[in-house]
Amino acid sequence: MDGADARLVLRAAVPADAATIHSLICELADYEKLRHEVDATADDIAASLFGANPRVFAQVAEWNGEIAGFSLWFYSYSTFRGRHGIYLEDLYVRPALRGKGIGKALIVDLAKRCVAERLPRFQWSVLDWNTPSIEFYESLGAKRMPEWIGCRVEGEALAALANQ
C-alpha cells in the first residue's frame, strides 16, 4: 500500500494483543536503555489489562492492519482538583512507522477521553535525554514540570520500608 491508501485504526486492546503489547514494551525498554528492568511477562500484561478488576488500560494503533504502537494508561487522582485524571504510563510507536501521526492519534484519543469524562489532567513522564519525545510532546501543548521530581521506592528499599 502506498501512503494514500494507508489506514490508521485505534482500538481498545483485547486479550489476544497481550503478547504483542509485551513485545512493544520490550522494544520501548530497549530504546530507553532500560531492558534490564523489564521482568514483566506477556502473562503479566494479560492479567493486568484483562483480569477480573483491571486497573490499567491500553489502546493499540493499527497501521494497515498491523499493530504499530500502543498507549498504556490508568486513572490518577488530584486532591487539589478533587477529580481523577489520566496518567499515561507508556506510549510507543515502532520506529519504522513514526512520523505518520500514530503517536499523536494515541495522545489525542486519550485527551478526548479526558474531555468526555470531565477529567482535568492528562499527565506523563519523559526521560530528560529523550529530546525527540520532549519536542513531540511540547508540539502538542504539553508543558514540562521542572519543579516536580519523580520519586520511586522498589526492590529491597521497598521491602525495608514496608518492614518499618
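Above this text is the structure in question.
This structure is a prediction, so every number in the text was calculated from the model and none was measured.

Student: Where do I start with the overall build of the protein in this structure?
Tutor: If you tally the helices and strands in the protein, you get five helices and five strands. Listing every helix and strand of the protein by position from the N terminus yields β-α-α-β-β-β-α-β-α-α. For 164 residues, the compact-globule formula gives about 15 Å, and the C-alpha radius of gyration of the protein, at 17 Å, lands near that figure. Within the span of the protein, comprising 164 residues, buried residues form 29% of the whole. Sequence separation of at least 24 residues holds for 56% of the intrachain contacts in the protein that already meet a minimum separation of 6. With the model as given, the accessible surface of the protein reaches about 10800 Å², and the carbon-plus-sulfur share is 53%. Averaging the coordinates of the 18 positive side-chain charges in the protein and doing the same for the 22 negative ones gives two points 9 Å apart.

Student: Where do I start with a nonpolar patch on the surface in this structure?
Tutor: A surface patch of nonpolar side chains, about 250 Å² in accessible area, is lined by V153, L158 and L161. Checked against the element boundaries, L161 lands in helix 5 (residues 155-162). Since its relative accessible area comes to 44%, L161 is described here as partly exposed.

Student: Sorry if this is basic, but what is going on with unusual backbone geometry here?
Tutor: With glycine set apart, most residues show a phi of negative sign, and most peptide bonds adopt trans. One non-glycine residue, K33, adopts positive backbone phi at about 60 degrees. Take K33: it is sitting in the loop between helix 1 (18-31) and helix 2 (42-50). Take K33: its relative accessible area is 61%, and that puts it in the exposed class. Although it is not a glycine, R118 sits at a positive phi angle of roughly 55 degrees. Looking at the element boundaries, R118 is found in the loop between helix 3 (102-116) and strand 5 (122-124). Residue R118 is classed as exposed on the basis of its relative accessible area of 63%.

Student: How should the sheet that holds strand 2 (residues 57-63) be read in this particular structure?
Tutor: Within a sheet, each strand pairs with its neighbour through backbone hydrogen bonds, oriented either parallel or antiparallel. On the basis of which strands lie adjacent, the open sheet formed by five strands has the order 1-2-3-4-5 and mixed pairing. Of all strands in the sheet, those bounded by a partner on one side alone are strand 1 (8-12) and strand 5. Averaged over all neighbouring strand pairs, the angle between strand axes comes to 30 degrees, with direction disregarded. For strand 2 and strand 3 (residues 66-78), the ladder comprises seven bridges, and the chain directions are antiparallel. Bridge pairing links E62 to I67 in strand 3.

Student: Is there a simple way to think about the packing of aromatic side chains in this case?
Tutor: Each aromatic ring pair is described using two quantities: the centre-to-centre distance and the angle formed by the ring planes. If you walk through the whole model with that rule in mind, you get eight aromatic pairs. Note on F57 and Y75: the rings are 6.0 Å apart at their centroids and 75 degrees apart in plane angle, and the pair reads as edge-to-face. Linking F57 in strand 2 with Y75 in strand 3, this pair joins segments that are 18 residues apart in sequence. On the basis of relative accessibility, which here comes to 32%, the residue Y75 falls in the partly exposed class. Centroid distance F136 to Y137: 5.5 Å. Interplanar angle 50 degrees. Geometry classified as tilted. Using a relative accessible area of 26% as the deciding quantity, one classes F136 as partly exposed.

Quick notes on the rules
- Residues numbered from 1 in each chain as written.
- Predicted model: local features only at pLDDT ≥ 70, side-chain atom pairs only at ≥ 80, totals over all residues.
- Heavy atoms only, no water.
- Helix = DSSP H or I, 4+ residues; strand = E, 2+ residues; numbered from the N terminus.
- Rg over C-alpha atoms; globule rule 2.2 N^0.38 Å.
- Buried < 20%, exposed > 50% of the residue type's maximum accessible area, 1.4 Å probe, protein only.
- Contact = heavy atoms within 4.5 Å.
- Areas by Shrake-Rupley, 256 points an atom, 1.4 Å probe, with all protein chains shown as cover.
- Lys, Arg positive; Asp, Glu negative; His and termini not counted.
- Charge placed at Lys NZ, Arg CZ, Asp CG, Glu CD.
- Patch = residues over 30% accessible without salt bridge, like charges linked within 9 Å, V, L, I, M, F, W, Y side chains within 5 Å.
- Salt bridge = Lys/Arg side-chain N within 4 Å of Asp/Glu carboxyl O.
- Pairing = 2+ DSSP bridges.
- Axes fitted to C-alpha atoms, helices over the stretch in contact; angles between N-to-C directions.
- Phe/Tyr/Trp six-rings, centres within 6.5 Å; stacked < 30°, edge-to-face > 60°.

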